[in-house]
Structure formats: C-alpha cells, structure tokens
Amino acid sequence: LKDAFDDASPEDVRVERSGEVATIYLGQAPIVQLTSADAAAAGDANLDVHADSVAAELKEAVEAEKQRTALAGRILAVCLVVFFAVVVLYLWRRIGDFAERANGWLEDNPHRIPELRVRTLTLLNPAAFRSGLALAISVGKWVSQLTLVYLWLVAGLSFFETTRPYTDRINGIILQPFLALASRVAGSLPITVVVAIAVLVVAIILRVVGLFFESVREGTTELEWLTPELARPTSILVRAGLVLVTLVFAAPVLTGH
C-alpha cells in the first residue's frame, strides 16, 4: 500500500472479481483479496457489496493521506521560506559589514593603493583607482544584496504550486534583458577585445585581493575568521582559485568548444 500510494490517486482504486475471490487494486498493486467468508463476517449481503465497501474505504484513506501529505508539504515550504529569509537577512548584514570594512580599509590605507599601469602606460593614478574601488564596492554591495533577495523570491515562489509559474515570468523580466544585452555586446566585439577586457578585470581583482590579504597579514585589517599568520596562504589560494575560474570560463570562448 505504501509503495503504491506515491504514484496513485483515489480514482485508481478498482475491484476485480475472479471466481469466488474479489481483489482490490490501487493502481497496478493488489492491496487485499476478499472472499465470501469476509463478506459474511462483515455482515454484508454478498461479496460484491463487501468489495465495493472496502474499495470505498480505501479511496477515503488514499484521499486523506494525499491531503495530509499536501498539507505537510505546504507547512514545510512555509518553514523553508522563513528559514531562507533569515539566511538572506544574515547574509545581507554580512555583505554590508564586509563592504563597510573594505571602505574603511581604503580610507585608512590610501598609500597602499597603487597606480594601475600597463607597462609604461599609466591607466589610473592611485586616487582614481581608489575612487574606482570604492565605487565598485558600493555597486557590488547593492548588487549582491539585491541578488540575495531575488534568489529568495524565486525560491519561495517555486515552493508552491500556485505561484510556481511566476518564477518563469520573473526570470524573463529581470534576466532576459541583461542576457540579450550581453549577447549583443559580446557578438559585436572582436574576441581579442573581449579577452583583453577579461584579463584587465582579472588583473585588477587579483591586485585588490592581494592588497587586502596583505593588510590582514600586517595587522592593519582585522578579521574574526582569519588570523594574520594565515593571510598569505589564504591569499595565494584565493587568487589561484580566481585564475582557475577565469580559465574555465575563458576556455570555451577561446576554443569555441
């Protein structure tokens, strides 16, 4: 009965008569066999009446179990939505704290911000680079926080059958314009320009990460989750991970496969 329940509904209950035996099925699974002795013990007039009575009870049991399972699923979905909301609020605050510490480090260590150079060509002086980093931190903070809210909203809607169709609409409204714009821009630029931009962005990120962990190693930036002794190896691991991720995403662009 338990095995047959998951793939069956109350409408799948049926009675099949074979000689003096009536078998009640739930889907393709035989649940119980009844004889005239069972009908007599239950006080029914004959086997057919008794089999129909047992089938009706089975339908009611399946329907009640379906309702109980659906209710448990809805309760679980509500609990998950509330739990994810708490996680989103926690991460929202952590992102804000991280952005605040990063801005504080930029303000306290202006001398550690280098100029951005490509060989002998100076692209950004330290002041402009510092302003760009501050802007990037602010934009990254809001983008990260809004992304968390967006993911929570999509996940919450997908938990409920009545609201599940709205996830596709939201994805189409929010993501489709950006995907279309990115495709057009990428298609209009030569591959060498795309690679050059990617290399420049990765180089800037690696530089910023290196400076951040170097400040942790020297003690100018304090982190609860990282000691100064582990700052340098952590910096190496993070930058190596960034390089590997870049190669994973760049390989299909360069090879076309």
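Rules behind the numbers
Residues numbered from 1 in each chain as written. Predicted model: local features only at pLDDT ≥ 70, side-chain atom pairs only at ≥ 80, totals over all residues. Heavy atoms only, no water. Patch = residues over 30% accessible without salt bridge, like charges linked within 9 Å, V, L, I, M, F, W, Y side chains within 5 Å. Areas by Shrake-Rupley, 256 points an atom, 1.4 Å probe, with all protein chains shown as cover. Salt bridge = Lys/Arg side-chain N within 4 Å of Asp/Glu carboxyl O. Helix = DSSP H or I, 4+ residues; strand = E, 2+ residues; numbered from the N terminus. pLDDT = per-residue confidence, 0-100. Axes fitted to C-alpha atoms, helices over the stretch in contact; angles between N-to-C directions. Parallel < 35°, antiparallel > 145°, perpendicular 65-115°, else oblique. Nonpolar A, V, L, I, M, F, W, Y, C, P; charged D, E, K, R; others polar. Expected span 1.5 Å × (residues − 1). Polar contact = N/O pair within 3.5 Å; in protein donor to acceptor, adjacent residues only side chain to side chain. Pairing = 2+ DSSP bridges. Contact = heavy atoms within 4.5 Å. Phe/Tyr/Trp six-rings, centres within 6.5 Å; stacked < 30°, edge-to-face > 60°. Buried < 20%, exposed > 50% of the residue type's maximum accessible area, 1.4 Å probe, protein only. Core = buried A, V, L, I, M, F, W, Y, C linked by side-chain atoms within 4.5 Å.

**Student:** Residues and numbers for a nonpolar patch on the surface, please.
**Tutor:** A cluster of nonpolar side chains, namely Phe83, Phe84, Val87, Tyr90, Leu91, Trp92, Trp142, Leu146, Val149, Trp152 and Leu153, defines an oily patch on the protein surface of about 1,000 Å² accessible area. Taken together, the elements giving at least two residues each to the nonpolar patch come down to helix 3 (47-108) and helix 4 (126-158). Of all the elements, helix 3 adds the most residues to the nonpolar patch, at 6 residues. Mapped onto the elements, Trp142 comes out in helix 4.

**Student:** Any chance you could break down the confidence of the model for the chain for me, citing the residues and the numbers?
**Tutor:** Across the chain, the average pLDDT comes to 83, with 92% of residues at or above 70. Within the chain, the lowest mean pLDDT, 65, falls on strand 4 (residues 116-118), and the highest, 91, falls on strand 2 (residues 21-26).

**Student:** So what's going on with the packing of helix 3 against helix 4? Residues and values would help.
**Tutor:** Contact geometry of helix 3 with helix 4 gives a least axis separation of 10 Å together with a crossing angle of 180°. Relative to helix 4, helix 3 is oriented roughly antiparallel. Split into classes, the residues belonging to the contact of helix 3 with helix 4 amount to 18 nonpolar, 5 polar and 3 charged.

**Student:** Account for helix 3, naming residues and giving values.
**Tutor:** Over its 62 residues, helix 3 runs 90 Å from end to end, which matches the ideal 92 Å to within 8%, given 1.5 Å per residue. A distance of 3.1 Å separates the backbone nitrogen of Asp48 from a side-chain oxygen at the start of helix 3, and that oxygen is part of Asn46.

**Student:** Please set out the sheet that holds strand 3 (residues 29-34) residue by residue, giving values where relevant.
**Tutor:** Spatially, the 3 strands line up as an open sheet ordered 1-2-3, and their pairing is antiparallel. Only two strands of the sheet have a single neighbouring strand rather than two, namely strand 1 (13-18) and strand 3. The mean inter-strand angle of the sheet, taken between neighbouring strand axes irrespective of direction, is 25°. Pairing of strand 2 with strand 3, which is carried by 5 bridges, proceeds in the antiparallel orientation. In the sheet register, Thr23 faces strand 3, and the bridge partner there is Gln33. Strands in contact with helix 3 are strand 1, strand 2 and strand 3; relative to strand 2, the strand with the most contacts, it is inclined by about 15°.

**Student:** I'd like to hear about the packing of aromatic side chains, residue by residue, with values.
**Tutor:** Tallied over the entire structure, the rule returns 5 aromatic pairs. Taken together, a centroid distance of 6.1 Å and an interplanar angle of 65° make the contact between Phe98 and Phe212 edge-to-face. Remark: Phe212 occurs in helix 6 (residues 191-218) and Phe98 occurs in helix 3; sequence separation between them is 114 residues. What makes Phe98 partly exposed here is its relative accessible area of 42%. The class for Phe212 is buried, based on a relative accessible area of 16%.

**Student:** Provide a residue-level description of the pattern of salt bridges, including the pertinent values.
**Tutor:** Summed over the entire model, instances satisfying the criterion amount to 4 salt bridges. Linking Arg68 and Glu65 is a salt bridge whose minimum nitrogen-to-oxygen distance equals 2.7 Å. You can see Arg68 and its partner Glu65 sitting in helix 3, 3 residues apart, about one turn around the helix. For Arg68, a relative accessible area of 49% puts it in the partly exposed group. Using a relative accessible area of 28% as the deciding quantity, one classes Glu65 as partly exposed. In this structure, the salt-bridge partner of Arg217 is Glu214, at a minimum N-O distance of 2.5 Å. Here Arg217 and its partner Glu214 are both found in helix 6, 3 residues apart, which amounts to about one turn of the helix. Glu214 gets classed as partly exposed once you look at its relative accessible area, which sits at 22%.

**Student:** Residue-level account of the nonpolar core, with values.
**Tutor:** If you look at the biggest cluster of nonpolar residues, it comprises 13 residues, and the most contacted ones within it are Val13, Ile24, Leu26, Leu34, Leu58 and Val62. Secondary-structure elements contributing two or more residues to this core are helix 1 (2-5), strand 2 and helix 3. Ranked by residue count, the leading element in this core is helix 3, at 5 residues. Residue contacts for Val13: discarding those within four places in its chain leaves Ile24, Tyr25, Leu26, Ala55, Leu58 and Lys59. Phe213, Leu223, Leu226 and Ala231 belong to the second-largest nonpolar core, a separate cluster that totals 7 residues.

**Student:** Kindly report on the side chain of Gln145, identifying the contributing residues and their values.
**Tutor:** If you trace the backbone, Gln145 turns up in helix 4. One polar contact links the side chain of Gln145 to the main-chain carbonyl oxygen of Trp92, over a distance of 3.1 Å. Aside from chain neighbours lying at most four places away, what touches Gln145 is Trp92, Ile95 and Gly96.

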